[in-house]
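Descriptive structure summary
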Amino acid sequence: MAGKLEGKVAFITGIARGQGRSHAVRLAQEGADIIGVDICRQVETVPYATATPEDLAETVRQVESLDRRIIATEVDIRDGAALKQAADDGVAQLGRLDIVLANAGISTMHSTVDMPDEVWDTMIDINLSGQFKTIRATVPHIIAGDRGGAVVITSSLAAMKANANIAHYTAAKSGQVLALELAPHRIRVNTVHPTTVNTDMVLNEPTYKLFRPDLEHPTREDYEVAARTLNKLPTAGLDPVDISNAILYLVSDDGRFVTGTTHVVSAGGQL
């Protein structure tokens with residue numbers, strides 16, 4: 001039986017691991033071919049290890065194991081020219097573009113009043129400007145195809161509910177709107193707003209210390225005690241595939257008339 005995305009092509013940023021890899025695999029399971037990018041080196045100001053070329057190769061392996069095509073490139077989404085080249089090359093090889101997932105992002109924690117310029121600037125350049133550059137590089141291909149399509153921008157519950165020490169993150173995640181401009185082209189645009197997701201961006205010692213400042217060397221178990229207080233459902237965090245399944249709904253015909261929404265996947269964290 002054909003999948004929900006049979007014959008479609010999706011462009012995904014931050015594809016090397018975490019939510020990006022999960023989205024690539026989930027969409028491939030439903031028949032999509034994938035164009036993907038990731039920086040695959042350490043990002044300045046980020047206190048945890050960011051993705052590697054080996055991570056990207058593993059995503060390629062997992063997608064190809066599903067008998068789907070994937071073109072994966074090392075690209076920094078702050079580089080608009082490189083993003084355009086990746087999109088152009090991918091569409092030239094795979095023949096079309098239907099879906100864009102602007103997923104790549106970073107997380108850094110810092111009090112606002114003494115935040116260094118570099119921490120603020122890197123956050124905005126990646127989590128906001130990088131999303132804009134992704135859309136600018138890719139959406140013209142969907143328009144040119146004249147078949148309609150879907151864009152999903154990964155935002156955060158932090159864009160809807162105030163949290164301390166992440167003013168730069170919240171500002172970046174709040175600045176995303178496009179649905180009105182693309183509706184005449186039958187392109188739907190939505191944002192997805194997860195609560196804490198169990199990826200390397202969260203599961204690291206700096207995050208554990210933020211949640212458990214009372215402990216010198218908090219463990220994941222210590223962190224989860226505090227993280228559970230964020231959500232009304234009894235969980236410390238979601239699995240990446242929980243977000244992938246929400247995105248699948250938004251980009252498939254199941255959500256064919258859904259556009260301009262803030263799709264919350266929060267375990268009740270917004271309540």
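Per chain, residue numbering runs from 1 following the sequence as it is written. Totals for whole chains, interfaces and linings use all residues, but because this is a predicted model, local features are given only for residues with pLDDT of at least 70 and pairs of side-chain atoms are given and counted only at 80 or more. The side-chain quantities take in all heavy atoms of the structure and omit both hydrogens and water.

The test is simple: UniProt positions are given in the numbering used here, feature names are shortened, and annotations may be inferred rather than shown by experiment.
An unreviewed UniProt entry lists the chain under the name Mycofactocin-coupled SDR family oxidoreductase, from Microbacterium kribbense. Per UniProt, the comment on the chain under Sequence similarities (unreviewed entry) is "Belongs to the short-chain dehydrogenases/reductases (SDR) family."

Some thoughts on helix α3 (residues 80–94)
To keep things clear, this is the line we draw: In this description a helix means any DSSP run of H or I spanning at least four residues, a strand means any run of E spanning at least two, and both kinds are numbered starting from the N terminus. Under the convention used throughout, the expected extent of a helix is 1.5 Å for every residue step, that is, one less than its residue count. When a residue's accessible area, from a 1.4 Å probe over protein chains only, is under 20% of the maximum for its type it is buried; when over 50% it is exposed; and in between it is partly exposed. The directions from the helix axis to the C-beta atoms are what the arc is built from. The contact criterion used is simple: two residues touch if any of their non-hydrogen atoms lie within 4.5 Å. What qualifies as a polar contact is a pair of N or O atoms within 3.5 Å, subject to a donor-acceptor requirement within protein and to the restriction that residues adjacent in sequence count only when both atoms come from side chains.
Between the first and last C-alpha of α3 there are 21 Å, a value that for 15 residues agrees with the 21 Å anticipated at 1.5 Å per step. Among the residues of α3, those classed as buried are Gly-80, Leu-83, Ala-86, Ala-87, Gly-90, Val-91 and Leu-94. Seen along its axis, α3 keeps its buried residues to an arc of 125°; they face one direction. Exposed side of α3, more than 90 degrees from the buried face: Ala-81, Ala-92 and Gln-93 are the residues found there. Where α3 is buried, its residues meet β1 (9–13), β2 (33–38), β3 (70–74) and α4 (117–145). Two to three positions downstream of the cap, the backbone nitrogen of Ala-81 sits 3.2 Å from a side-chain oxygen, assigning the N-cap of α3 to Asp-79. Two residues or fewer after α3 comes Gly-95, characterised by a positive phi angle close to 95°.

Some thoughts on the pattern of salt bridges
What counts here: A carboxyl oxygen of Asp or Glu within 4 Å of a side-chain nitrogen of Lys or Arg is what we treat as a salt bridge.
Summed over the entire model, instances satisfying the criterion amount to 18 salt bridges. The partner of Arg-68 in a salt bridge is Asp-33, with the nearest N and O atoms 3.2 Å apart. Within this pair, whereas Arg-68 is found in the loop between α2 (53–64) and β3, its partner Asp-33 is found in strand β2, the two being separated by 35 residues in sequence. The exposure class assigned to Asp-33 is buried, which follows from its relative accessible area of 4%. The closest approach of N and O atoms between Asp-88 and Lys-84, which form a salt bridge, is 2.7 Å.

What about the sheet that holds β3?
Here is the rule: Pairing between strands is defined by DSSP: at least two bridges between them are needed. Only the stretch in contact is used when a helix axis is fitted, and all axes are lines through C-alpha atoms; the angle between N-to-C directions ranges over 0 to 180 degrees.
Spatially, β3-β2-β1-β4-β5-β6-β7 is the arrangement adopted by the seven strands of the open sheet, whose pairing is parallel. Of all the strands in the sheet, just β3 and β7 (262–265) have a single pairing partner and so form its edges. The sheet shows a mean angle of 15° between the axes of neighbouring strands, taken without regard to direction. Across four bridges, strand β6 (residues 187–194) lies against β7 in parallel orientation. Paired with Thr-191 across the strands is Thr-262, a residue of β7.

Topic: the packing of aromatic side chains
How we decide: Within 6.5 Å between ring centres, the rings of Phe, Tyr and Trp (the latter by its six-membered ring) count as paired, and their orientation is classed by plane angle as stacked under 30 degrees, edge-to-face over 60, tilted in between.
Applying the stated rule across the entire model yields two aromatic pairs. On the numbers, 5.0 Å between centres and 80° between planes, the contact of Phe-211 with Tyr-223 is edge-to-face. Residue Phe-211 is located in helix α7 (residues 205–211), and its partner Tyr-223 is located in helix α8 (residues 220–227); the two are separated by 12 residues in the primary sequence. Exposure remark for Phe-211: the relative accessible area of 24% places this residue in the partly exposed category. Note on Tyr-223: relative accessible area 0%, which makes it buried. Members of the aromatic cluster, each reached through a chain of ring pairs, are Tyr-208, Phe-211 and Tyr-223.

Here we look at the layout of surface pockets
Stated formally: Cavities and pockets are found on a 1 Å grid laid over the protein atoms alone: a cavity is a set of points where a 1.4 Å probe fits but cannot escape, a pocket is an open set with protein on both sides within 12 Å along at least five of seven lines, and a lining residue has an atom within 4 Å of such a point. Grid points are joined across faces, edges and corners, and a volume is the space filled by probe spheres set on the points. Residues are sorted three ways: Asp, Glu, Lys and Arg are charged, Ala, Val, Leu, Ile, Met, Phe, Trp, Tyr, Cys and Pro are nonpolar, and all the rest, Gly among them, are polar.
Computed from the structure, the second largest pocket encloses a volume of approximately 340 Å³. Considering only residue class, the lining of the second largest pocket consists of eight nonpolar, four polar and nine charged.

Quick notes on helix α9 (residues 240–251)
Note: α-helices contain 3.6 residues per turn, so residues at a spacing of three or four share the same orientation. With 12 residues, α9 should cover 16 Å at 1.5 Å per step; its first-to-last C-alpha distance of 17 Å lies within 8% of that length. Among the residues of α9, those classed as buried are Pro-240, Ile-243, Ser-244, Ala-246, Ile-247, Leu-248, Leu-250 and Val-251. Close packing links the buried residues of α9 with α1 (18–29), β4 (99–102), β5 (149–154), β6 and β7.

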